[in-house]
Amino acid sequence: MALKEERNIRAYTQNFGTMTPGAFQKKLRTCVIFQFIRFIVINIKMLIVVGKSH
Amino acid sequence: MAKLVILGGGVSGHTTATFAAKWLGSEHEVIVVTPNSQWNWIPSNIWVGVGQMKKEEVTFDLAPVYKKAGITFIQAKATEIHPEGSDTIEKAFVTVESTSSGSEGEVTTVEYDYLVNATGPKLNFGATEGLGKGSELGEHTVSVCTAGHAVHANDKLKEAIEKMKSGVRQKILVGTGHGLCTCQGAAFEYIFNVEHELNKAGVRDMADIKWISNESFLGDFGMGGLHMKSMGFAVSSKIFAESLFTERGIPWIVGAHVNKVEEGKVHYELLDGEMGEEEFDFAMLIPPFTGVDLKAIAKDGSDISDTMFAPNKFMKVDAKYGVTDYNQWKASDWPSTYQSSAYKNIFAPGIAFAPPHPISKPMKSPNGTVITPAPPRTGMPAGIIGKAVAHSVCDLITKGEDAELHKISMADMGAACVASTGKGIFDGTAAAMTVYPVIPDFDKYPGTGRDTNHTFGEIGLAGHWIKHILHHMFIYKAKLKPGWTLIPE
């Protein structure tokens, strides 16, 4: 049985060549502790880009 | 006393006006001419379009803000620029037509020493049969380009959701309404918000959602795509975007020029020349942009619009125009001062400047139809350019006409973008992306054209939080609240 995350992929259709997230990756996307760390990291990355652009 | 006139009160014009007023003080006059009485934080229109925000949360009245800043506010649309004056008026001036309640249509003139054309785009719905007339949205589709459009879009979406709840299956189509559109990112964000809302309403299984756009591949975004660093790979935005669509079960049509819209159906032509039709019950299609209807008139009364404006009505500036071969394009083609190529006291920041060429590779169908995304110039680049132009004009006024102009090219500038899915603090996710530089520089960054150390994309709640912060921070800044100058563009 296909994993839930992979159910939308159809062989030899337009989405057969892409990647799809697994359960762990999807959990990380909404894990508050992990996302709080990523929030700090993304903000720093964005501030660097903003700084380089002014 | 010098007189600086700014046409347009959007991201770019507002940035130029507020910084110029602060730096010039009361010794000089800053005038903003804009047809809108309100400022709109356009990125949050997406949330208005799905009912997650009210129009009042993304707009505010300009008049009190400009009064506080010492800026003269004229609610009117500019119709003509007279850069050499006229027989009866010695100085350069613009002709404006009032849009203010009680004086609509009244025509007056506003003299200037320096002019900033930050008029942004004309939403050219009329370019596609059935999409609308001129800049007016038609009756078959919806838009999220203005706060008013977004309110209308939400009303129609709610009607579709009610039908789904009553057991009627609905076809939803989101994307671009012409082969030359830009702003794919807005449609990209909207389709995922719609999908999120349908899930919340418990009717996702009653909807067939489909994407249609003029991008030659999913994830082009009008920037020729990008490669972002992820999991140790330089991952193409094509993979990134296709993954997001696949995860949500949304199929896509790309390389499409929508050439006709009628009730419940769009007709389109693909890059391979094939013609197709797609039915819909609810469709949000972004219109193509052109410059606003602004003429340039010489002192003798002759029309010199062709000298000042490109055929798409955007203002010609210090860009390298006329390079049509994609293989000859250079990052240095892009402008850096935004000074009019015809008049040194005129500037055009933001969407109003004529780009030298697209960023995406130009493509045509075998029938000769051009299907190529126009280059995006909204958001962060518009604000940064607006501030650089304010610097330049202030220096010209205070230091003299020989003052060095401030330079900032989109080829040396990055952009940060957050595309949300839903609005909750703990539900939904957002794609947070940065790209550096906006214009790929294949000489400096062979291969991807961009610095992959500073080009990244990530999906998660953190992006949501950032989008919330950006919403409040930029409205705070635009209202000129204490410390507003500390917030970057």
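Report on the accompanying structure. Here the structure is a predicted model, which means the values were calculated and not measured.

What counts and what doesn't
- Residues numbered from 1 in each chain as written.
- Chains lettered and ligands numbered in written order.
- Predicted model: local features only at pLDDT ≥ 70, side-chain atom pairs only at ≥ 80, totals over all residues.
- Heavy atoms only, no water.
- Helix = DSSP H or I, 4+ residues; strand = E, 2+ residues; numbered from the N terminus.
- Rg over C-alpha atoms; globule rule 2.2 N^0.38 Å.
- Buried < 20%, exposed > 50% of the residue type's maximum accessible area, 1.4 Å probe, protein only.
- Areas by Shrake-Rupley, 256 points an atom, 1.4 Å probe, with all protein chains shown as cover.
- Lys, Arg positive; Asp, Glu negative; His and termini not counted.
- Charge placed at Lys NZ, Arg CZ, Asp CG, Glu CD.
- Phe/Tyr/Trp six-rings, centres within 6.5 Å; stacked < 30°, edge-to-face > 60°.
- Lys NZ or Arg CZ within 6 Å of the ring centre and 35° of its normal.
- Axes fitted to C-alpha atoms, helices over the stretch in contact; angles between N-to-C directions.
- Parallel < 35°, antiparallel > 145°, perpendicular 65-115°, else oblique.
- Contact = heavy atoms within 4.5 Å.
- Nonpolar A, V, L, I, M, F, W, Y, C, P; charged D, E, K, R; others polar.
- Buried area = accessible area lost by both parts, 1.4 Å probe.
- Salt bridge = Lys/Arg side-chain N within 4 Å of Asp/Glu carboxyl O.
- Polar contact = N/O pair within 3.5 Å; in protein donor to acceptor, adjacent residues only side chain to side chain.

Next up on the list: the overall build of chain B. Helices and strands together make up the secondary structure of chain B, namely 10 helices and 26 strands. For 489 residues, the compact-globule estimate of 2.2 N^0.38 gives 23 Å, and chain B sits close to it at 22 Å. Reported as C-alpha extents along the three principal axes, the dimensions of chain B are approximately 65 × 55 × 45 Å. For chain B, the proportion of its 489 residues judged to be buried stands at 60%. Carbon together with sulfur atoms contributes 51% to the accessible area of chain B, which is approximately 18,900 Å² in total. Within chain B, one finds 44 positive and 56 negative side-chain charges whose respective centroids are separated by 4 Å.

All right, on to the packing of aromatic side chains then. Residues and elements named next belong to chain B. According to the stated counting rule, one finds 16 aromatic pairs over all chains in the structure shown. Between the aromatic rings of W211 and F245, the centroid separation amounts to 5.5 Å while the plane-to-plane angle is 65 degrees, which identifies the pairing as edge-to-face. Placement of W211 in strand β13 (residues 207-212) and of F245 in helix α7 (residues 237-247) is noted, with a sequence separation of 34 residues between them. Residue classification places F245 among the buried residues on the basis of a relative accessible area of 0%. When the centroid spacing of 6.1 Å and the interplanar angle of 75 degrees are considered together, the rings of F245 and W252 count as edge-to-face. Pair check on accessibility: F245 and W252 agree, each one buried. Taken together through their ring pairs, the aromatic side chains of F188, F192, W211, F221, F245 and W252 make up a single cluster. Over the ring of F353 we find R377, and its NZ or CZ is 5.5 Å from the ring centre.

Right, let's talk about the packing of helix α1 (residues 11-24) of chain B against helix α4 (residues 62-69) of chain B for a bit. All names here are of chain B. Interhelical geometry of α1 versus α4 gives an angle of 25 degrees and a closest axis separation of 10 Å. Overall, the two elements α1 and α4 adopt an arrangement that is roughly parallel. On α4, the residues touching H14, T18 and A21 of α1 are L62, V65, Y66 and A69. Taken together, the residues of the contact of α1 with α4 break down into five nonpolar, two polar and no charged.

What follows covers the interface of chain B and chain A. Facing 41 residues of chain B, the contacting portion of chain A comprises 27 residues. Of the roughly 3,000 Å² buried where chain B meets chain A, counting both sides, 67% is carbon and sulfur surface. Broken down residue by residue, the surface that chain B buries against chain A is led by T246, E247 and E458 of chain B, which jointly contribute 19%. Counting across the interface, chain B meets chain A through three salt bridges. One salt bridge in this structure joins R38 of chain A and E458 of chain B, with 2.6 Å as the shortest N-O distance. Where chain B packs against chain A, one counts 12 residue pairs in polar contact (both at pLDDT 80 or more). Elements supplying a minimum of two residues to the side of chain B that touches chain A: α7, α9 (380-399), β24 (415-421), β25 (429-435), β26 (456-460) and α10 (461-478) of chain B. The class makeup of the residues in the side of chain B that touches chain A is 26 nonpolar, nine polar and six charged.

In short, the description is geometric, and any link to function would need to be established separately.
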